[in-house]
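Listed here are the chains, written in short residue letters.
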Protein chains: 2
Amino acid sequence: MRTLQVDLGDRSYPIYIGSGLLNEAGLIFAKHQLSKKSPVLIVTDDHVAPLYLKRVEENLQAEGYRTVSKVVKAGEKAKSLDVFHDVMTAAIEGGLDRRSAVVALGGGVVGDLAGFVAATYMRGVPFVQMPTTILAHDSSVGGKVAINHPLAKNMIGAFHQPELVLYDVDTLRTLPEREIRAGLSEMVKHGLIWDAEFAAWCGENTDRLLALDPETLSYGLTMGCSIKAQVVSQDERELGLRAILNLGHTIGHALEAIGGYGEFLHGEAISIGMAASALIAVNRGADRALYAETVRLLGGFGLPTVMPEHLDEERIIGAMMHDKKFKEQQLVFVLPVAIGQVEIVSDVKVEEVRRVIRELKKEGPHV
Amino acid sequence: MRTLQVDLGDRSYPIYIGSGLLNEAGLIFAKHQLSKKSPVLIVTDDHVAPLYLKRVEENLQAEGYRTVSKVVKAGEKAKSLDVFHDVMTAAIEGGLDRRSAVVALGGGVVGDLAGFVAATYMRGVPFVQMPTTILAHDSSVGGKVAINHPLAKNMIGAFHQPELVLYDVDTLRTLPEREIRAGLSEMVKHGLIWDAEFAAWCGENTDRLLALDPETLSYGLTMGCSIKAQVVSQDERELGLRAILNLGHTIGHALEAIGGYGEFLHGEAISIGMAASALIAVNRGADRALYAETVRLLGGFGLPTVMPEHLDEERIIGAMMHDKKFKEQQLVFVLPVAIGQVEIVSDVKVEEVRRVIRELKKEGPHV
Ligand SMILES: NC(=O)c1ccc[n+]([C@@H]2O[C@H](COP(=O)([O-])OP(=O)(O)OC[C@H]3O[C@@H](n4cnc5c(N)ncnc54)[C@H](O)[C@@H]3O)[C@@H](O)[C@H]2O)c1
Ligand SMILES: NC(=O)c1ccc[n+]([C@@H]2O[C@H](COP(=O)([O-])OP(=O)(O)OC[C@H]3O[C@@H](n4cnc5c(N)ncnc54)[C@H](O)[C@@H]3O)[C@@H](O)[C@H]2O)c1
Ligand SMILES: [Zn+2]
Ligand SMILES: [Zn+2]
């Protein structure tokens, strides 16, 4: 088991990464002094529940915890106000009080949803992340929680740091292949924004990562979590630096929105977004190799880097306009400077985005 | 104009109380460096909008602010997830960004609703309270914001302190009489929990307060806000002391819930709740004069202090069980010790509550 620490003063917390950790949940909860007198709510989805819910319930119960579980339908649509309402109902009916912990057992969707419940149930209760996807190495760290509004993603949310993150890498073995690729997209992102060496390592270990080789995967996830933790520790509330984590996300979120949160997985959408950001940088004078290397890395994982022809340019731009990375109506963008380094620029013109949308539509599938 | 300060470290803020303050809104916003580049969202209800919305819009616009307004239907039912969703839609369509202020122009309902929008729109934006009811001298101070779940009141919320509170007492002149009485209920509460002298002053100035005599009213509101601010400064997140503000609220919230948030105004419900708390204290050995004086004070304002015969005991108890003042399944209650002093006890048995419900049903109207 590896342990990382997210340094946030009195909101600091550990990330435990390792094999078999679900079987130690009860002990770890007790160690963190989560109340045994108050019921614990486990939120999960209907893909994860049949695989891991019983194990977590039994493990917590064996340690003296009372548990209540709420299983939501899998998929991004669970991040809606309706499902949020249903989870709140389960919390109230389950008798949760102010010391009750809300546990997210699942991927980023369950993490964001359950986290927003934890942030707002009785104005905030303890929260525990038990990520079960690769992507969630990103989403489970940093305290951003949110649900979607039909007009824009993650529009309704809070900052609510967990008490701990319990990452059992064994759970990743049941992930569908497409989810594995999509999750690795955020791992590559962490290399691209912060650490050229790690980005190169991702390129060299693509096959081992895709095959979920335990040692390789654990190292990659630990590095990814560690980069995220470093950034968040320096800027919890995204007043500056933290925005670099949004590389590829402005366009990515727009693609997710116009695809009705069904066409693209989050990791796929931001993969296209990262390619687009690199191309904007190139159009502004960066070396074309920056774009080529970005596409090579992402493409190696089987991630998309071209803009599907059928996506309407106007709709992409329209969806971006609703995205929250607009500061006082200015287009704020994270652009790569080199592999492992990005900058936040606030003067990207809509025309520049239109241009790369067109260029990325023409771009044939790269090899 | 009187200015009070709520001391909360880097979340400190002023409360401005006075006549004609709506006409200085723009200047005060600018003084507080609220962004002029970002649209401001004014949330109000359909009773308040025809009276004061235009004035606030024009005043802000004259100072260079762009405004968007959202008018919700008046009443407690506006504190629902549905209306919350509609206000979020208005915020997104209005192009609000992270520096945009959300303004609550109205009573506690609008304050709690708009405050929860401000707490969660893009994970939190600046918030301004412009209370227009007497009750809101309480609700606008302290940063508690929330909406209701059909199963329990204020169950979904956050702590989100405003940037400032702008309290124009002129607006109170258009309040319906029943709302005036209900609002004064929280003012009396502030005396009962903290300041015997102020409680006595409320008793001596009942008629002047009910008649909205400007000097008397301003003094009473300033004292009420000041007591609230002192308590909140010492315990922002209700880990201990702040709970004393809930005097009368455990039973009060239950009455509101079973009345479908329509039968009782909040101030009326907590008036009965305060009478009930005094009676529990008497049944536990306190001097009967404590109850008699509580009832005399509240009754003086025309507030109810007996339990309506038609309210079913089981339903009251059931609604209380969902209330959040239960710590690990124990009944936590704020009980008076003397006028101006309360204690938090955690061993009140359900049977004690049943007994006062029955006693308060038998109690004839007091004179
Ligand atoms: N809060 C943040 O900082 C942050 C960061 C990045 C992404 N996100 C959010 O995360 C979400 C995407 O997360 P995700 O990719 O984990 O999606 P997800 O939670 O939908 O999980 C992906 C799919 O895998 C299934 N699944 C999960 N674990 C499994 C397992 N162990 N075995 C088999 N199937 C499993 C799920 O049921 C789902 O169908 C998006 O909503 C995105 O906005 C949040
Ligand atoms: N957040 C807190 O700390 C806190 C504290 C106490 C109460 N509350 C909440 O406050 C709410 C009650 O507040 P309220 O009593 O102000 O209710 P309210 O907001 O519903 O206002 C009462 C009525 O008066 C009308 N009104 C408001 N201002 C007016 C004016 N100037 N002229 C004419 N009509 C006017 C409103 O339209 C409404 O019909 C409850 O939801 C309660 O839970 C919150
Ligand atoms: Zn992401
Ligand atoms: Zn109240």
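Every value quoted in this text rests on a predicted model; they were computed, and no experiment measured them.

**Student:** Just give me the short version of the relation of the copies chain A and chain B, but keep the residues and values in it.
**Tutor:** Between the two copies, chain A and chain B, the superposition gives an RMSD of 0.0 Å; the rotation angle is 180 degrees and the shift along the axis is 0.0 Å. Such a combination of turn and shift is consistent with a two-fold rotation axis. In terms of C-alpha distance to the rotation axis, chain A has A:Leu81 as its closest residue, with the C-alpha 3.8 Å off the axis. With an isologous cut-off of 70% or more, the 100% of interface residues of chain A that recur at the interface of chain B puts this contact in the isologous class.

**Student:** Please set out the coordination of the zinc ion (ligand 3) residue by residue, giving values where relevant.
**Tutor:** Residue and element names in this part refer to chain A. For the zinc ion (ligand 3), the full set of protein donor atoms is Glu186 (OE), His249 (NE2) and His266 (NE2), and the range of their distances to it is 1.9 to 2.2 Å. Sequence positions of the donors to the zinc ion (ligand 3) reduce to the motif E-x62-H-x16-H. A residue pair is termed long-range when its members are at least 10 positions apart, and Glu186 in helix α6 (residues 177-194) and His266 in helix α11 (residues 266-283) qualify at 80 residues. Taking the relative accessible area as the measure of exposure, Glu186 reaches 2% and is therefore buried. A relative accessible area of 17% places His266 in the buried class.

**Student:** Which residues make up the site of ligand 1, and what values do they have?
**Tutor:** Residue and element names in this part refer to chain A. For ligand 1, the set of nearby residues contains 28 residues, the closest of which are Asp45, Glu76, Thr132, Lys153 and Thr174. Note that an oxygen atom of ligand 1 is positioned 2.7 Å from one of the side-chain N or O atoms of Thr133. One of the side-chain nitrogen or oxygen atoms of Lys228 is found 3.3 Å away from an oxygen atom of ligand 1. When ligand 1 is considered free in solution it has 860 Å² of accessible area, and contact with the protein chains removes 92% of it. Among the secondary structure elements, those contributing two or more residues to the shell around ligand 1 are α2 (49-62), α4 (108-120), α5 (136-139), β8 (152-159) and α6. The biggest single contributor to the shell around ligand 1 is α4, with three residues.

**Student:** Provide a residue-level description of the interface of chain A and chain B, including the pertinent values.
**Tutor:** A common way to state how big an interface is: give the accessible area lost once the parts meet. Facing the 42 residues of chain A at the interface are 42 residues of chain B. When the two sides are added together, the surface that chain A and chain B hide from each other amounts to roughly 3,700 Å², 58% of it contributed by carbon and sulfur. Counting the contacts that link chain A with chain B gives two salt bridges. Residue B:Glu238 is joined to A:Arg98 by a salt bridge in which the shortest nitrogen-to-oxygen separation is 3.3 Å. One can count ten residue pairs in polar contact (both at pLDDT 80 or more) joining chain A with chain B. A per-element tally of the side of chain A that touches chain B places helix α3 (residues 81-93) of chain A first, with seven residues. In terms of residue class, the side of chain A that touches chain B is built from 18 nonpolar, eleven polar and 13 charged.

**Student:** Report on the nonpolar core, specifying residues and quantitative values.
**Tutor:** Within the largest apolar cluster, 65 residues are counted, with the highest numbers of intra-cluster contacts made by A:Phe84, A:Leu113, A:Tyr121, B:Phe84, B:Leu113 and B:Tyr121. Excluding anything up to four places from it in sequence, B:Phe84 contacts A:Leu81, A:Ile156, B:Leu113, B:Phe116, B:Val117, B:Thr120 and B:Ile147. Among the nonpolar cores identified, the runner-up in size contains 44 residues, and A:Leu192, A:Leu209, A:Ile227 and A:Leu245 belong to it.

**Student:** Give me the lowdown on the site of ligand 2, citing residues and values where you can.
**Tutor:** All names here are of chain B. As a structural note, the neighbourhood of ligand 2 is formed by 28 residues, with Asp45, Glu76, Thr132, Lys153 and Thr174 the closest of them. At a separation of 2.9 Å, an oxygen atom of ligand 2 approaches a polar side-chain atom of Lys79. At 2.7 Å from an oxygen atom of ligand 2 is found a side-chain nitrogen or oxygen belonging to Lys153. Within the complex, the protein chains bury 92% of what would otherwise be the 860 Å² of accessible surface of ligand 2. Every element with two or more residues in the shell around ligand 2 is listed here: α2 (49-62), α4 (108-120), α5 (136-139), β8 (152-159) and α6 (177-194). Here the element with the most residues in the shell around ligand 2 is α4; it accounts for three residues. Of the residues that make up the shell around ligand 2, three or more belong to each of domain 1 (2-174) and domain 2 (177-361).

**Student:** Describe the environment of B:Leu96, and please don't skip the residues or the numbers.
**Tutor:** Residue and element names in this part refer to chain B. Mapping Leu96 onto the fold places it in the loop between α3 (81-93) and β5 (102-106). Separated by 94 residues in the primary sequence, Leu96 and His190 have C-alpha atoms spaced 37 Å apart. Residue contacts for Leu96: discarding those within four places in its chain leaves Pro39, Leu41, Val68, Ala91, Ala101, Val102, Tyr121 and Met122.

**Student:** Just give me the short version of the domain arrangement of chain A, but keep the residues and values in it.
**Tutor:** Residues and elements named next belong to chain A. Annotation of chain A at the domain level lists domain 1 (2-174) and domain 2 (177-361). Between domain 1 and domain 2, the C-alpha centre-to-centre distance is 26 Å. Across the contact, 31 residues belong to domain 1 and 35 residues belong to domain 2. The contact between domain 1 and domain 2 buries some 3,000 Å² in all, and 63% of this surface belongs to carbon and sulfur atoms. Contact with domain 2 buries area across many residues of domain 1, yet Ile134, His137 and Lys153 alone supply 22% of it, more than any other trio. Taken together, domain 1 and domain 2 are joined by six salt bridges. Here Glu238 makes a salt bridge to Lys144, at a shortest N to O gap of 2.4 Å. Between domain 1 and domain 2 we count eleven residue pairs in polar contact (both at pLDDT 80 or more) in total. For the side of domain 1 that touches domain 2, the elements supplying multiple residues, two or more each, are β1 (2-6), β2 (13-18), α5, β7 (144-149) and β8. Counting residues per element, the side of domain 1 that touches domain 2 draws most heavily on β8, at five residues. Per-class residue counts for the side of domain 1 that touches domain 2 are 15 nonpolar, seven polar and nine charged.

Conventions adopted
- Residues numbered from 1 in each chain as written.
- Chains lettered and ligands numbered in written order.
- Predicted model: local features only at pLDDT ≥ 70, side-chain atom pairs only at ≥ 80, totals over all residues.
- Heavy atoms only, no water.
- Least-squares fit on C-alpha atoms with pLDDT ≥ 70 in both.
- Contact = heavy atoms within 4.5 Å.
- Donors = N, O, S within 2.8 Å, 3.2 Å for Na, K, Ca; no water.
- Helix = DSSP H or I, 4+ residues; strand = E, 2+ residues; numbered from the N terminus.
- Buried < 20%, exposed > 50% of the residue type's maximum accessible area, 1.4 Å probe, protein only.
- Near = heavy atom within 4 Å.
- Polar contact = N/O pair within 3.5 Å; in protein donor to acceptor, adjacent residues only side chain to side chain.
- Areas by Shrake-Rupley, 256 points an atom, 1.4 Å probe, with all protein chains shown as cover.
- Buried area = accessible area lost by both parts, 1.4 Å probe.
- Salt bridge = Lys/Arg side-chain N within 4 Å of Asp/Glu carboxyl O.
- Nonpolar A, V, L, I, M, F, W, Y, C, P; charged D, E, K, R; others polar.
- Core = buried A, V, L, I, M, F, W, Y, C linked by side-chain atoms within 4.5 Å.
- Domains from an automatic or database assignment.

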